[in-house]
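These are the residues of each chain, in order.
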Amino acid sequence: MAGTYERIGDMRCGVGESPVWHAGEAALYWTDIPNRTLWRFDPASGDTRHWAIPEMAGCMAMTADGGWLLAMETGLFRIGKLVAGQPAPTPQPVAAVQHARGGMRFNDGRCDRQGRFWAGTMVMDMSLAATDGKLYRYDARSGALDVVREDLITPNGLAFSPDGRTMYLSDSHPARQAVWAFDYDVDTGTPANGRVFIDMNRYPGRPDGAAVDQDGGYWICGNDAGQVHRFTPDGRLDRSLAVPFAKPAMCAFGGSGLDTLYVTSIRTDDSDPLSGAVVALRPGVRGTAEPVLRD
């Protein structure tokens with residue numbers, strides 16, 4: 001199904017990722033990974049702002065003090081509130097990570113419904129198909145950064161059902177192209193009983209970033225296919241919305257009613273003139289609020 005869209009600003013990100021709707025500010029934030037930049041969009045004014053950061057940030061989560069937790073190249077860092085006209089605060093390290101090899105960074109991630117932060121790592125050279133990626137869980141209360149899953153190539157698609165009892169994870173590498181579902185223990189933050197939720201070899205695009213709506217629908221970006229797909233909780237394809245670029249990267253619900261679906265993308269070349277743009281869609285459903293890091 002084709003979708004109408006509204007372009008957000010005129011930026012073209014290298015890899016636009018991790019859009020997060022900040023309800024308190026009624027604004028959208030996201031990261032441009034290779035350009036080491038954080039972006040903010042205010043729908044009310046149409047204003048866009050950006051801040052430079054010292055490392056690539058694959059994903060981000062809100063903190064209770066108005067700042068952000070960033071999963072960067074060398075570990076997890078916290079920064080204070082981003083203020084227009086001022087440089088980004090200096091990132092403060094909270095948990096270092098020892099990668100299995102060089103050329104790795106964090107990729108997709110977010111908080112679970114209880115405020116624990118989850119993020120995966122990947123080898124940046126995807127042509128290697130290296131299985132050195134890991135999935136980490138960070139509990140800010142204890143300061144523990146634990147490896148929960150290994151043998152990943154390009155971890156993506158992290159999301160949690162509205163009740164928090166199902167965790168989703170994808171591997172978007174062409175050699176995998178799968179989305180898994182896990183039973184999730186909300187008390188301990190432990191996934192179990194992993195099973196294939198979607199075999200994306202059967203559908204257009206590779207599984208990239210994801211979001212969940214209030215009815216439990218799982219929205220996954222079909223990278224390379226220029227589509228965003230909605231799957232029902234039982235794994236059935238419900239609908240597909242077209243976006244004006246080939247490589248959608250991640251989606252997030254926002255707006256006052258959480259009824260707008262923002263989609264970031266990856267810049268390719270000038271043959272795809274909107275690649276790297278961010279767009280807003282009206283999918284006809286409402287999303288769930290993005291959790292804040294639990295301190």
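Residues numbered from 1 in each chain as written. Predicted model: local features only at pLDDT ≥ 70, side-chain atom pairs only at ≥ 80, totals over all residues. Heavy atoms only, no water.

1. Remarks on the overall build of the chain
Here is the rule: Only DSSP runs of H or I with at least four residues qualify as helices, and only runs of E with at least two residues qualify as strands; both kinds are numbered from the N terminus onward. Computation of the radius of gyration draws on C-alpha atoms, with the globule rule given as 2.2 Å multiplied by the number of residues to the power 0.38. Only protein chains enter the area calculation, which uses a 1.4 Å probe; residues under 20% of their type maximum are buried, those over 50% are exposed, and those in between are partly exposed. Whether two residues are in contact is decided by their heavy atoms, any of which lying within 4.5 Å being enough. Surface accessibility follows the Shrake-Rupley procedure with a 1.4 Å probe radius. Residue values consider only the protein chains on display as shielding.
Check the secondary structure of the chain and you find 0 helices and 24 strands. Against the 2.2 N^0.38 benchmark of 19 Å for 295 residues, the chain shows a C-alpha radius of gyration of 17 Å, consistent with a compact globule. Along the first, second and third principal axes, the C-alpha set of the chain runs to 45 × 45 × 35 Å. Looking at the chain as a whole, 59% of its 295 residues qualify as buried. Sequence-distant contacts in the chain: of pairs separated by 6 or more residues, those separated by 24 or more amount to 45%. Counting only carbon and sulfur atoms, one obtains 47% of the accessible surface of the chain, whose full area is about 11200 Å².

2. Quick word on the UniProt feature "binding site: a divalent metal cation" (unreviewed entry) in the chain
Inclusion rule: UniProt positions are given in the numbering used here, feature names are shortened, and annotations may be inferred rather than shown by experiment.
Sites flagged by UniProt as "binding site: a divalent metal cation" (unreviewed entry) map to Glu17, Asn156 and Asp208. What stands out for the annotated residues spanning 192 residues is how close their C-alpha atoms remain, the widest pair being 10.7 Å apart. Residue placement: Glu17 occurs in strand 2 (residues 16-22). Taking the relative accessible area as the measure of exposure, Glu17 reaches 3% and is therefore buried.

3. Notes on the packing of aromatic side chains
Spelled out, the test is: Geometry of aromatic contacts follows a simple scheme: Phe, Tyr and Trp rings, the Trp one being its six-membered ring, pair when their centres are within 6.5 Å, and the pair is stacked under 30 degrees between planes, edge-to-face over 60, tilted otherwise.
Per the stated rule, a full pass over the model turns up 12 aromatic pairs. Ring geometry for Phe106 and Tyr136: centres 5.6 Å apart, planes at 55°, overall tilted. Taken together, the positions of Phe106 in strand 10 (residues 104-111) and Tyr136 in strand 12 (residues 133-139) put the pair 30 residues apart, joining distant regions of the chain. Its relative accessible area of 6% is what places Tyr136 among the buried residues. Centroid distance Trp118 to Tyr184: 6.0 Å. Interplanar angle 65°. Geometry classified as edge-to-face. With Trp118 in strand 11 (residues 117-123) and Tyr184 in strand 16 (residues 178-185), the pair connects residues that are 66 residues apart, well separated along the chain.

4. A look at the environment of Thr74
When you line up the elements, Thr74 lands in the loop between strand 7 (68-71) and strand 8 (75-79). Under the relative-accessibility criterion, Thr74 is labelled partly exposed at 39%. Along the sequence, Thr74 and Pro283 sit 209 residues apart, while their C-alpha atoms lie 36 Å from each other. If sequence neighbours within four positions are ignored, Thr74 has contacts with Glu55, Ala96 and Val97.

5. Section: the pairing of strand 24 (residues 278-281)
The two faces of a sheet get side chains in turn, since along a regular strand they alternate between them. This is how it is decided: One bridge is not enough; two strands pair if DSSP finds at least two bridges between them.
Residue alternation in strand 24 divides its side chains into two sets, Val278 and Ala280 and Val279 and Leu281, and both sets are buried. In this sheet, strand 24 lies alongside strand 1 (residues 5-8) in antiparallel orientation, the contact comprising 4 bridges. Residue pairing for strand 24: Ile8 is matched across the bridge by Val278. Two strands pair when backbone bridges link them, and strand 23 (residues 260-265) and strand 24 are joined in this way by 3 bridges, in the antiparallel orientation. Among the inter-strand pairings, Val263 is bridged to a residue of strand 24, identified as Val279.

6. Description of the environment of Leu258
With respect to the helices and strands, the residue Leu258 is situated in the loop between strand 22 (248-254) and strand 23. Counting along the chain gives 44 residues from Leu258 to Gln214, while the straight-line C-alpha distance between them is 9.4 Å. If sequence neighbours within four positions are ignored, Leu258 has contacts with Trp21, Phe253, Val285, Arg286, Gly287, Thr288 and Ala289.

7. Observations regarding the pattern of salt bridges
The test is simple: For this analysis, a salt bridge means a side-chain nitrogen from Lys or Arg found within 4 Å of a carboxyl oxygen belonging to Asp or Glu.
One pass over the full model with this rule turns up 20 salt bridges. Between Arg49 and Asp47 there is a salt bridge, and its shortest N-O distance comes to 2.8 Å. Taking the relative accessible area as the measure of exposure, Arg49 reaches 29% and is therefore partly exposed. Here Asp47 falls in the partly exposed class, since its relative accessible area comes to 28%. For Lys134, the salt bridge identified is with Glu150, shortest N-O distance 3.9 Å. Note that Lys134 is positioned in strand 12 and Glu150 in strand 13 (residues 144-152), a separation of 16 residues in sequence. Among the ionic contacts, a cluster of salt bridges with common partners joins Asp213, Arg230, Asp238 and Arg239.

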